[in-house]
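Per-entry structural report
So the chains spell out like this:
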2 protein chains.
Amino acid sequence: MVEKIYVTYNQVHKLCQNSAERILNDFNPNLMIAIGGGGYVPARILRSFLKKPGNPNIPIQAIGLSLYESLGTDPVEQPGTKVTRTQWLDLSSLEMSNLIGKNVLIVDEVDDTRTTLEYAVRELQKDVEEAQRKLGREGEKTTFSIFVLHNKDKKKKGELPKSAINESMYLAAVTVGDVWICYPWEATDIEEHDRLSREQGGEQ
Amino acid sequence: MVEKIYVTYNQVHKLCQNSAERILNDFNPNLMIAIGGGGYVPARILRSFLKKPGNPNIPIQAIGLSLYESLGTDPVEQPGTKVTRTQWLDLSSLEMSNLIGKNVLIVDEVDDTRTTLEYAVRELQKDVEEAQRKLGREGEKTTFSIFVLHNKDKKKKGELPKSAINESMYLAAVTVGDVWICYPWEATDIEEHDRLSREQGGEQ
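Cut-offs and rules
- Residues numbered from 1 in each chain as written.
- Chains lettered and ligands numbered in written order.
- Predicted model: local features only at pLDDT ≥ 70, side-chain atom pairs only at ≥ 80, totals over all residues.
- Heavy atoms only, no water.
- Helix = DSSP H or I, 4+ residues; strand = E, 2+ residues; numbered from the N terminus.
- Rg over C-alpha atoms; globule rule 2.2 N^0.38 Å.
- Buried < 20%, exposed > 50% of the residue type's maximum accessible area, 1.4 Å probe, protein only.
- Contact = heavy atoms within 4.5 Å.
- Areas by Shrake-Rupley, 256 points an atom, 1.4 Å probe, with all protein chains shown as cover.
- Lys, Arg positive; Asp, Glu negative; His and termini not counted.
- Charge placed at Lys NZ, Arg CZ, Asp CG, Glu CD.
- Pairing = 2+ DSSP bridges.
- Least-squares fit on C-alpha atoms with pLDDT ≥ 70 in both.
- pLDDT = per-residue confidence, 0-100.
- Buried area = accessible area lost by both parts, 1.4 Å probe.
- Salt bridge = Lys/Arg side-chain N within 4 Å of Asp/Glu carboxyl O.
- UniProt positions renumbered as here; feature names shortened; annotations may be inferred.

An unreviewed UniProt entry lists chain A under the name PRTase-like protein, with Melanomma pulvis-pyrius CBS 109.77 given as the organism.

1. Let's talk about the overall build of chain A
Counting its regular elements, chain A contains five helices and eight strands. Counting from the amino terminus, helix and strand elements in chain A follow one another as β-α-β-α-β-β-α-β-α-β-β-β-α. In terms of C-alpha radius of gyration, chain A reaches 18 Å, essentially the compact-globule figure of 17 Å for 204 residues. For chain A, the C-alpha atoms occupy an extent of roughly 55 × 45 × 25 Å along the three principal directions. For chain A, with 204 residues in total, the buried portion stands at 55%. If you take every contact in chain A between residues at least 6 apart in sequence, the share linking residues at least 24 apart comes to 77%. Taken as a whole, chain A presents about 9500 Å² of accessible surface, with 49% of it coming from carbon and sulfur. Charge-centre separation for chain A: the mean point of 25 positive side chains lies 5 Å from the mean point of 30 negative side chains.

2. Points about the pairing of strand E2 (residues 31–36) of chain B
Residue and element names in this part refer to chain B. By the criterion of burial, E2 is predominantly enclosed, with six of the six residues buried. Judged by which residues are buried, E2 turns out to be covered on both faces: Leu31, Ile33 and Ile35 on one side and Met32, Ala34 and Gly36 on the other are all buried. As judged from the four bridges shared by E2 and strand E5 (residues 103–111), these two strands associate in the parallel manner. Looking at the pairing, Met32 lines up with Leu105 of E5.

3. Let's talk about the relation of the copies chain A and chain B
What relates the pair of chain copies is a rotation about an axis plus a shift along that axis. Each copy of the sequence occupies a distinct position, and chain A is placed on chain B by a rotation of 180 degrees and an axial shift of 0.0 Å, giving an RMSD of 0.0 Å. This pairing of chains is accounted for by a two-fold axis. Looking at the interface residues of chain A, 100% of them are also at the interface in chain B, so both copies use one shared face.

4. Here we look at the confidence of the model for chain A
Model confidence for chain A is summarised by a mean pLDDT of 90, while 90% of its residues fall at 70 or above. This complex was scored by the predictor with a pTM of 0.92 and an ipTM of 0.91.

5. So, the interface of chain A and chain B
Facing the 42 residues of chain A at the interface are 42 residues of chain B. Of the roughly 3500 Å² buried where chain A meets chain B, counting both sides, 46% is carbon and sulfur surface. The largest per-residue losses of area from chain A upon contact with chain B belong to Tyr9(A), Tyr40(A) and Arg44(A), which jointly make up 18% of the total buried on that side. A salt bridge links Lys14(A) to Glu191(B); the shortest N-O distance between them is 2.4 Å. Those elements giving two or more residues to the side of chain A that touches chain B turn out to be helix H1 (9–27), helix H2 (40–50), strand E3 (60–68), strand E4 (79–87) and helix H5 (190–199) of chain A. For the side of chain A that touches chain B, the element with the highest residue contribution is H2(A), accounting for seven residues.

6. Regarding the UniProt feature "coiled-coil region" (unreviewed entry) in chain A
When the UniProt feature table is mapped onto this chain numbering, "coiled-coil region" (unreviewed entry) sits at residues 114–141 of chain A. Strand forms 0% of residues 114–141 of chain A and helix 75%; the C-alpha atoms that close the span are 25 Å apart.

Have a look at this one:
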């Protein structure tokens, strides 16, 4: 049986808070891209801690990527290997050109097989380069960095394109084994969820 | 001095959970639109409770709307009256046509002056109608509904367009006075935040 880890909201909050200093120092992001739905909560929390006094909030753009293909009959989601786009940035509008020359922080909840993150980085890089060419702005350097709450220490199916990102631009707040992570936003009984987390001795 | 209300993550979780049944019965949404950044957390939590066994998750599309214009020097955000789009749905791709004929649930954290919600409903309705005309799908009925965690009982500057939405399609989990709502994702000390919430006698 796969080990389960119960993560509380306050733990997620503190994981974002404790990572913010390193993100500011090492990545210095101008913009976040939240991979939905898992990246929504950490991105929103992180925004509070990345705000510098006197500066506006760092904007968040959301993209929708799904690795899970529901078959319509199985109540348990099966992990897939194919990434489906449910939302993307608008190439023709300002959304994509807004990325040019920026430090872009991609945010998700978990790095499991890395398939989704590979897709996100590769496709964003490709589209930004295309926008740079179209606009004659090839000289501006766009960087990508990644923040996830949890990285699972396991063999990855996906690989981050080295031309876009290197190890020093990757931050996981926690590295865990190949366990089942129960996030609070999926809990049907949040008090029982918190109790199970306490039992595991996790700091609340 | 304006009264402050401290809302914990678990309270937000339960507000979403307790609203899900009415949302399913009355709105029966096929799709959520989260107004970022405030709508990200409630939309992600709500998705868990709107999922029916055997059905796929209800997709979330994010839009970015900002009512606050930072002046760059004041560390406290001043509410503005102008809505700025930071992300929108792509009219030319599937994103907007995906809305046609659907029951669309718009999700945000708070209904304060209603300016943002008015903008979201009016502009989404306009763009969906345009997409329907272009695609010759005028016969399909698209409905809009709204869910917010908190509605402030005050005179509203914005008005929801009656052609798109009526009162029965609006749900606030809680109605409060014209108070300052402290959401947990803005807390710099989450334990102090929770303590202040307990002191107010709020159910945890």
